[in-house]
Amino acid sequence: MSATDQGAQGAERTLGQLVASATAEMSALVHDEIALAKAELREDAKRVGIGGAAFGIAGTLALFSLPVLSFAAAYGIHNLGLGLAWSFLIVGVAFLLIAGLLALIAVAKFKKVKPPEKTIASVKQTAAVIQTVKPHPRPVSDQAVGVARSSS
């Protein structure tokens, strides 16, 4: 078909046919967009899963390395000429000092946490406004129709 034939055919279509065609095309477009979003999210979810698994394995290996490194440090200190018991005691005290320092940092950070003051003020203001609002009285008309209630 030439461009003039298509134009002539488009001019012959009724308004209902044009609306139906536009609706079908919009529906197809929305379905295609949803399919694209699903495909992108599926890829992102796969990447997040692989990254999370790798991070978990890395954390596990780091946790398992701590005892080995502790023994290596203690035996390293022992090789410097100190007794084995003193070497392990030094490593243990070093871990306790690091843990204490981290605990002090955590306490300092927790003390800086404050309640959400703006939100609390906003909620209080909203509650005060709602408490002062009274329902609008309904106007009583002379032609009010009563509702008969049935007794059961």
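Please read these numbers as outputs of a predicted model, since none were measured by experiment. (Residues numbered from 1 in each chain as written. Predicted model: local features only at pLDDT ≥ 70, side-chain atom pairs only at ≥ 80, totals over all residues. Heavy atoms only, no water.)

## Focus: the overall build of the chain
Filter applied, for reference: The helix count covers DSSP runs of H or I at least four residues long, the strand count covers runs of E at least two residues long, and both are numbered beginning at the N terminus. Categorising residues by exposure relies on relative accessible area from a 1.4 Å probe, with only protein chains included: less than 20% of the type maximum marks a residue as buried, more than 50% marks it as exposed, and the intermediate range marks it as partly exposed. Using the Shrake-Rupley algorithm and a 1.4 Å probe, accessible areas are obtained, with residue cover drawn only from the displayed protein chains.
When helices and strands are counted, the chain shows 4 helices and 0 strands. Going residue by residue from the N terminus, the α and β elements of the chain occur as α-α-α-α. By the burial criterion, 3% of the 152 residues in the chain qualify as buried. Counting only carbon and sulfur atoms, one obtains 69% of the accessible surface of the chain, whose full area is about 13,800 Å².

## Section: the packing of helix H2 (residues 15-79) against helix H3 (residues 84-111)
Condition: Working convention: axes come from line fits to C-alpha atoms, limited for helices to the stretch in contact. Angles between N-to-C directions cover 0 to 180 degrees. By definition in this entry, angles of less than 35 degrees are roughly parallel, angles greater than 145 are roughly antiparallel, angles of 65 to 115 are roughly perpendicular, and the rest are oblique. Each crossing gets its hand from how the near helix is turned against the far one by less than a right angle, where anticlockwise is left-handed and clockwise is right-handed. Note on contacts: a residue pair qualifies if any of its non-hydrogen atoms lie within 4.5 Å across the two residues. Note on residue classes: Ala, Val, Leu, Ile, Met, Phe, Trp, Tyr, Cys and Pro are nonpolar, Asp, Glu, Lys and Arg are charged, and everything else, Gly too, is polar.
At a minimum axis distance of 8 Å, the contact between H2 and H3 shows a crossing angle of 130 degrees. Relative to H3, the element H2 lies oblique. Two packed elements cross with a definite hand, and for H2 against H3 that hand is right-handed. Here H2 contributes Ser70, Phe71, Ala73, Ala74, Tyr75, Ile77 and His78 to the contact with H3, which in turn contributes Leu84, Ser87, Phe88, Ile90, Val91 and Phe95. Partitioning the contact of H2 with H3 into residue classes produces 10 nonpolar, 3 polar and no charged.

## What to know about the packing of aromatic side chains
What counts is decided by this rule: The criterion for an aromatic pair is that two Phe, Tyr or Trp rings (for Trp, the six-membered ring) have centres within 6.5 Å, with stacked assigned to planes under 30 degrees apart, edge-to-face to planes over 60 apart and tilted to the rest.
All told, the structure shown has 2 aromatic pairs when counted by the stated rule. Ring geometry for Phe71 versus Phe88: centroids 5.3 Å apart, planes at 75 degrees, classification edge-to-face. Placement of the pair is Phe71 in helix H2 and Phe88 in helix H3, with a sequence separation of 17 residues. For Phe71, a relative accessible area of 46% translates into the label partly exposed. Residues Tyr75 and Phe88 carry aromatic rings whose centres are separated by 5.7 Å and whose planes lie at 85 degrees to one another, so their mutual orientation is edge-to-face. Of this pair, Tyr75 sits in helix H2 while Phe88 sits in helix H3, and the two are 13 residues apart along the sequence.

## Quick word on the confidence of the model for the chain
Applicable threshold: As a per-residue measure, pLDDT reflects the predictor's confidence and takes values from 0 up to 100.
Per-residue confidence for the chain gives a mean pLDDT of 82; residues scoring 70 or more make up 80%. Per-element confidence in the chain ranges from a low mean pLDDT of 55 for helix H1 (residues 3-12) to a high of 94 for H3.

## Notes on the pattern of salt bridges
Quick reminder of the rule: Salt bridges are defined as contacts in which a side-chain nitrogen from Lys or Arg sits within 4 Å of a carboxyl oxygen from Asp or Glu.
For the structure on display, the rule yields 1 salt bridge. Close ionic contact of Arg47 with Asp44 constitutes a salt bridge, the shortest N to O distance being 3.2 Å. Within this pair, Arg47 and its partner Asp44 are both found in helix H2, separated by 3 residues, close to a single helical turn. For Arg47, a relative accessible area of 56% gives the class exposed. The exposure class assigned to Asp44 is partly exposed, which follows from its relative accessible area of 39%.

## Comments concerning helix H4 (residues 117-132)
Owing to its 3.6 residues per turn, the α-helix aligns residues three or four sequence positions apart on the same side. Our working definition: Expected helix span is taken as 1.5 Å per residue step, with the number of steps being one fewer than the number of residues.
The end-to-end C-alpha distance of H4 is 23 Å, a good match for the 22 Å that 16 residues give at a rise of 1.5 Å each. Here H4 lies mainly on the outside; 0 of its 16 residues are buried.

## What about the side chain of Ser87?
Going by this rule: Pairs of N or O atoms within 3.5 Å make up the polar contacts considered here, provided that, within protein, one atom can donate a hydrogen while the other can accept it, and that residues adjacent in sequence are counted only when both atoms are side-chain atoms.
If you trace the backbone, Ser87 turns up in helix H3. Among the polar contacts made by the side chain of Ser87, one reaches the main-chain amide nitrogen of His78 at a distance of 3.1 Å. For Ser87, the residues in contact, after removing those within four places along its chain, are Ala74, Ile77, His78 and Leu82.

## Description of a nonpolar patch on the surface
Where we set the bar: Residues enter patches when their relative accessible area tops 30% and they take part in no salt bridge; the joining distance is 9 Å for like charges and 5 Å for the nonpolar side chains Val, Leu, Ile, Met, Phe, Trp and Tyr.
On the surface, a cluster of nonpolar side chains totalling about 1,000 Å² of accessible area is made up of Ile57, Leu61, Leu63, Phe64, Leu66, Phe95, Ile98, Leu101, Leu102 and Ile105. Put simply, the parts of the chain that give the nonpolar patch at least two residues each are H2 and H3. For Leu102, the position within the fold is in helix H3. Note on Leu102: relative accessible area 54%, which makes it exposed.

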